[in-house]
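# Architecture and fold: a report
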Amino acid sequence: MKVIGIDLGTSNSCVAVYKINQIEIIDNDQGERVTPSWVSFTDDERLIGNVAKLEVSSNFERTLFQIKRLIGRTYDDPMVQADMKLWGFTLINEENKPKISIEHKGRRKILAPEEISAMILESLKTSVEDRLDETITDAVITVPAYFNNTQRNATIDAARIAGLNVLRVINEPTAAAIAYGLEKETNEEQNVLVFDLGGGTFDVTIVKIKNKEFDVKATGGDTHLGGDDFDNCMVNHFVSEFNRKNDCDMSPNKRGINRLRIACENAKKNLSVKKNATVQVDGLHSGIDFKSSITRAKFEDLNRDYFENTLKTVKDTLSSADMNKSEIDKVVLVGGSTRIPKVRELLQNLFGENKINKTVNPDEAVAYGAAALASNISKDELSELRELKISDVVPLSLGYKQSGGGMVTVVKRNTKIPTKQWNKNSTAKDNQIEARFTIYEGERAAAKDNHFLGKFSVKGIPAALRGVEKFKTCFIVDENGILTVTSRNVSTGKENQITFDKSGKLSEGELRRMLEDANRFKQDDAEWKKRSEQVHKLEDLVYAVKHAVTGEMSFDVSDKDKKEIIKICKKVKTWINDNQNPKVHDSKKKMADLEKICRPIFEKIRDGSEILRIFQK
Ligand code: ADP
Ligand code: MG
């Protein structure tokens, strides 16, 4: 059975599969190799990919994008609060989880970010199934290297809702390094720095590659930095210009802002090849047209801090790997935003031009690497990728809160996974009969400044003086980067544990409901398609019949018969116009009505059998 590799991106997603000694990127039903991670709900349809993206101006409250920015985050997260101001769709707060509220088929629907991501995953899975004519159940899914435990778990949930079993979660830059490693000609050991700057996230990973062994040395990044931020910078720039010129405030006009953002993204892309770009939006706000231009220099100036910060991350990652920049043999560029000339220039200045790789496809490398790993894990006998060896690292330090509020780090960042690390501690107070463990991830000294993961307690500890009762606490990180913590009271052997795929996450009940909903959506889509195909057939038939009696090559029928045919055609056409997406059964009934009137008339004429054939289609 075939297994797939999926790059589920903030802006774009891509799917690949290993087929007889080569990896193939699978195009979607619109023939594109990369699918925009957009979902749009119209009155009677759910659209995914480019067709959804095209809906944003006309249907912006129900067109969803950048959903990966919500995955595994809480509603009160400052990033979520800032992002939602820029979106046309509505977010609501459900127990501090951000959910998307939309109107679909006359009903309000509340959807979790995992459900939207699942729709994208499902459509990629279906593309492969259609192309290979095979059912797909297993996948390797990529996540930004800097994704935390909760974000990784939420991604696994999304896959489950899409009906996919996740073979492995792998970091995006590691997958890209695999793509590079399999493609490069030499077998010599190389240190490769993957610089992945996409739409929403930024990752830097240093990998030592030898033959088919990929050894990650260090990783760094920002889960909230990418092309979307550069677009927003330009949007803010032009909003100020518009407000100044027209003495107004267009900022609350979300629809206008959205239209401006599309124009800005295009201008940004143009600036990657030209020195100057125009931004034009007709009737941007209060009916006023907007036209302006921006130079590449201005764009670079607006984003200077962002660009320079990426270099700071590169330097920090080099120092985490204990390496000097001269030890890097190749820099692999991944993600659409690495096409920005300034980004390339900064990297060239740091590493030298000949170190920048230009052969790896920045849009496809991640899915390519994921498919290679999928084939490797599934132990495909035919695969030459059987010997692939990958060792990755923990992106953020993991630990617990001490009684004074300090963070005790148990697993240091950049530790190789899978890993198992022990820590000993004891009661903090006299006569303590319960020990609470609060688990965090991050690099700050005070636990509260890090990201809270979950808590648990060990109960039934014998009352004793502070420090007498001891605990052995174990942190296990599996190969997906998912954490389990166990703590045991040494004197009683009492133990408790927490697996973070069960905390702050979707419960089994929620997951089941979402799976059912996903299936319902799928059925609805299939039903919608059937209905529209049937009504389309009916419309074809109306035109064919009408054409047969009125067209240039029309059949010889009496005026009375002709009138009758035109009358029924008109009637059916009106019915089609008045009924949006009618039931298959009703369209068939109309076909029968049409046939009942036309058949006896066509049967009477000499070449009638020719036209009668259209009723058999
Ligand atoms: P993600 O992995 O986050 O889904 P991608 O790697 O697909 O993102 O990159 C998408 C981002 O790259 C978008 O912000 C897009 O505007 C930007 N991008 C694509 N092409 C160019 C280009 N030629 N110049 C500048 N930015 C580009
Ligand atoms: Mg990406």
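Everything below is about the structure printed above this text.
Cut-off values and rules
Residues numbered from 1 in each chain as written. Chains lettered and ligands numbered in written order. Predicted model: local features only at pLDDT ≥ 70, side-chain atom pairs only at ≥ 80, totals over all residues. Heavy atoms only, no water. Helix = DSSP H or I, 4+ residues; strand = E, 2+ residues; numbered from the N terminus. Buried < 20%, exposed > 50% of the residue type's maximum accessible area, 1.4 Å probe, protein only. Pairing = 2+ DSSP bridges. Axes fitted to C-alpha atoms, helices over the stretch in contact; angles between N-to-C directions. Salt bridge = Lys/Arg side-chain N within 4 Å of Asp/Glu carboxyl O.

## Focus: unusual backbone geometry
Look at the link from Ile417 to Pro418: it is a cis peptide, with omega at -5 degrees. Mapped onto the elements, Pro418 comes out in the loop between strand S21 (407-411) and strand S22 (419-426). Phi angles above zero are rare outside glycine, and Ser286 is one such case at about 45 degrees. Position of Ser286 among the secondary structure elements: in the loop between strand S16 (276-285) and strand S17 (288-295). By relative accessible area, which is 61% here, Ser286 ends up exposed. One non-glycine residue, Asn431, lies in positive phi territory at about 55 degrees. Within the secondary structure, Asn431 sits in the loop between S22 and strand S23 (434-441). On the accessibility criterion, Asn431 (52% relative accessible area) is exposed.

## Looking at the sheet that holds strand S27 (residues 495-499)
Taken together, four strands build an open sheet; the order of strands is S22-S25-S26-S27 and the sheet is antiparallel. With partners counted over all chains shown, the strands left at the sheet margins are S22 and S27, one partner each. Direction aside, the axes of adjacent strands within the sheet are offset by 15 degrees on average. Where strand S26 (residues 483-489) and S27 come together, five bridges link them in antiparallel fashion. Residue pairing for S27: Thr484 is matched across the bridge by Thr499.

## Structural notes on the pattern of salt bridges
Where charged atoms of side chains with opposite charge meet at close range, the side chains can pair. Scanning all chains against the criterion turns up 39 salt bridges. Taking the shortest distance from any N to any O, the salt bridge between Glu122 and Lys522 comes out at 3.1 Å. Taken as a pair, Glu122 in helix H3 (residues 113-132) and Lys522 in helix H12 (residues 508-550) lie far apart in primary sequence, 400 residues in all. By relative accessible area, which is 13% here, Glu122 ends up buried. By relative accessible area, which is 39% here, Lys522 ends up partly exposed. We note a salt bridge from Lys573 to Glu539, for which the minimum N-O separation is 3.5 Å.

Interpretation in functional terms is not warranted from these geometric data alone.
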